[in-house]
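# Breakdown of the fold
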Amino acid sequence: MSKSDISQLLKAIDEPRDEAIVLLFLTAGLFLQEVIDLQLDDIEWDKKRLNIRGKRARELDVNAQAFEALAKWSKERLATAKSNAFFLTTKGKVSPLSSRSIDHVLKKYGQAIGKPINAHILRNTFAVKLFEENDNRMTLHELLQTSLSREFSARMAELRNEG
């Protein structure tokens, strides 16, 4: 996604929860399942850090924009939540969000800006931005918690040649 697309996307978001979800993909490069699995006590508010659980367990510092969105959503969710899951439904019976729910949210905003949007696209946008800022494959591997695919490496080579 271009900077213009990202700007349009963020302007189209009308729910604090959705803004926090999108910003975690765009600024922290979380996997879809990591967003789903995020628990209230996984957030170290005083350190502005996430403790990601699972097979890719790690600590991630959160940038100011994402932290503000998390804090805003946290205040809303605490009013009705009995679940420790951080991201919850906002309509009907309160329950943790599913991957399908997040896909639906992202699709809604994609339609609003006329672009296909999903978790994979947002995470790839994070990866490209990270590469543009830091051409170190090991750092990328550590932050992305995955091996760099041939396709991604080829795209990065193209960007390097364009610059």
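What you see is a predicted model; the values in this text were computed from it and never measured. (Residues numbered from 1 in each chain as written. Predicted model: local features only at pLDDT ≥ 70, side-chain atom pairs only at ≥ 80, totals over all residues. Heavy atoms only, no water.)

### Points about the pattern of salt bridges
Close approach of charged atoms allows side chains with opposite charge to pair. All chains considered together, the criterion is met by nine salt bridges. The salt bridge involving E44 is made with K47; its shortest N-O contact spans 3.6 Å. The exposure class of K47 is partly exposed, given its relative accessible area of 45%. Of the charged contacts, one joins R49 and E59 as a salt bridge, the two residues approaching to 3.6 Å between their closest N and O atoms. Of this pair, R49 sits in strand β2 (residues 49–52) while E59 sits in strand β3 (residues 58–61), placing them ten residues apart in sequence. Overall, the relative accessible area of 52% leaves E59 in the exposed class. Residues joined by salt bridges that share partners form a network here, namely D41, D42 and R53. (Salt bridge = Lys/Arg side-chain N within 4 Å of Asp/Glu carboxyl O. Buried < 20%, exposed > 50% of the residue type's maximum accessible area, 1.4 Å probe, protein only. Helix = DSSP H or I, 4+ residues; strand = E, 2+ residues; numbered from the N terminus.)

### Thoughts on empty space enclosed by the protein
Rolling a probe over the atoms, with the probe sized like a water molecule, indicates the empty space that remains. Applying the stated criterion across every chain, the model contains one cavity of 30 Å³ or more. Estimated volume of the largest cavity: approximately 40 Å³. Along its surface, the largest cavity is lined by E34, D37, L38, D42, N51, I52 and R53. Secondary structure elements with two or more residues in the lining of the largest cavity: α3 (32–37) and β2. Along the lines of polarity and charge, the residues of the lining of the largest cavity split into two nonpolar, one polar and four charged. (1 Å grid on protein atoms, 1.4 Å probe; cavity = no way out; pocket = protein on both sides within 12 Å on 5 of 7 lines; lining within 4 Å. Points joined across faces, edges and corners; volume = space filled by probe spheres on them. Nonpolar A, V, L, I, M, F, W, Y, C, P; charged D, E, K, R; others polar.)

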